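These are the residues of each chain, in order.
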Amino acid sequence: MTIYNEPPYSCEAVLFEIPELSRENLTLVSGAGLVKAGTVLGQITASGKYTPYDDGFSDGSETAAAISLYEVDATAADVEVACIARLAAVQTAALQWHANVDATAQTAAYTALAAKTILARS
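Worth saying up front: this structure is predicted, and the values here are computed from it rather than measured.

Draft legend 1. Spotlight on the side chain of E17. Relative to the elements of secondary structure, E17 occurs in strand β1 (residues 14-17). You can call E17 buried: its relative accessible area is 17%. Discounting residues that sit within four places of it in the chain, E17 has contacts with S22, R23, I84, L87 and A88.

Draft legend 2. Representation of empty space enclosed by the protein within the structure. Within this structure, the stated rule accounts for one cavity of 30 Å³ or more. A per-class count over the lining of the largest cavity returns seven nonpolar, two polar and one charged.

Draft legend 3. Examining the pattern of salt bridges more closely. Counting across every chain of the model gives three salt bridges. For K49, the salt bridge goes to D78, with nearest N and O atoms at 2.3 Å. With K49 in the loop between β4 (40-43) and β5 (50-52) and D78 in the loop between β7 (72-74) and β8 (79-84), this residue pair connects regions lying 29 residues apart in the sequence. Its relative accessible area of 35% is what places D78 among the partly exposed residues.

Draft legend 4. Structural view of the sheet that holds strand β10 (residues 118-121). The three strands lie next to each other as β1-β9-β10, forming an open sheet whose pairing is mixed. Only two strands of the sheet have a single partner each, and these edge strands are β1 and β10. On average, each strand axis in the sheet is inclined to that of its neighbour by 15 degrees, with strand direction left out of account. One ladder, built from three bridges, connects β1 with strand β9 (residues 88-91); its direction is antiparallel. For V14, the partnering residue across the bridge sits in β9 and is V90.

Draft legend 5. Region of the structure containing the packing of aromatic side chains. According to the stated counting rule, one finds two aromatic pairs in the structure shown. Aromatic side chains Y53 and W97 sit 6.2 Å apart centroid to centroid with 70 degrees between the ring planes, which places their arrangement in the edge-to-face category. Residue Y53 is located in the loop between β5 and β6 (64-68), and its partner W97 is located in the loop between β9 and α2 (103-115); the two are separated by 44 residues in the primary sequence. Ring centres 5.7 Å apart and planes at 75 degrees place the aromatic pair W97 and Y110 in the edge-to-face group.

Draft legend 6. Structural view of unusual backbone geometry. The residue C11 is not glycine, and still its phi comes out positive at about 65 degrees. Mapped onto the fold, C11 is located in the segment before β1. The phi dihedral of T117 is positive, around 60 degrees, even though this residue is not glycine. Mapped onto the elements, T117 comes out in the loop between α2 and β10. Take T117: its relative accessible area is 37%, and that puts it in the partly exposed class.

Conventions adopted
- Residues numbered from 1 in each chain as written.
- Predicted model: local features only at pLDDT ≥ 70, side-chain atom pairs only at ≥ 80, totals over all residues.
- Heavy atoms only, no water.
- Helix = DSSP H or I, 4+ residues; strand = E, 2+ residues; numbered from the N terminus.
- Buried < 20%, exposed > 50% of the residue type's maximum accessible area, 1.4 Å probe, protein only.
- Contact = heavy atoms within 4.5 Å.
- 1 Å grid on protein atoms, 1.4 Å probe; cavity = no way out; pocket = protein on both sides within 12 Å on 5 of 7 lines; lining within 4 Å.
- Points joined across faces, edges and corners; volume = space filled by probe spheres on them.
- Nonpolar A, V, L, I, M, F, W, Y, C, P; charged D, E, K, R; others polar.
- Salt bridge = Lys/Arg side-chain N within 4 Å of Asp/Glu carboxyl O.
- Pairing = 2+ DSSP bridges.
- Axes fitted to C-alpha atoms, helices over the stretch in contact; angles between N-to-C directions.
- Phe/Tyr/Trp six-rings, centres within 6.5 Å; stacked < 30°, edge-to-face > 60°.

Take a look at the structure:
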């Protein structure tokens, strides 16, 4: 029997938001690859663009700053995507993480997101 794993749905991670205030269109940096809906993002200080959060980076994106709402492909070019940037609650089970992010890094990300009033709920 074939097992099929469904990809994350657009906006699946959002429990509560105020669309006029919570969302913002952000630019994902070229080379970020396929970014799934619900991916935790960090902001690159030098360019102001975003990439999947990884606490091992040292370019600013080691601090969680937003959550993508839709799947986009930023492999070959910068791409804009609607994101949760503030004033929202998200479900932890629906969040997507960079492959290098462990439980300790996720905890740090939740703290950084809470500072932006993005609250993680299980």
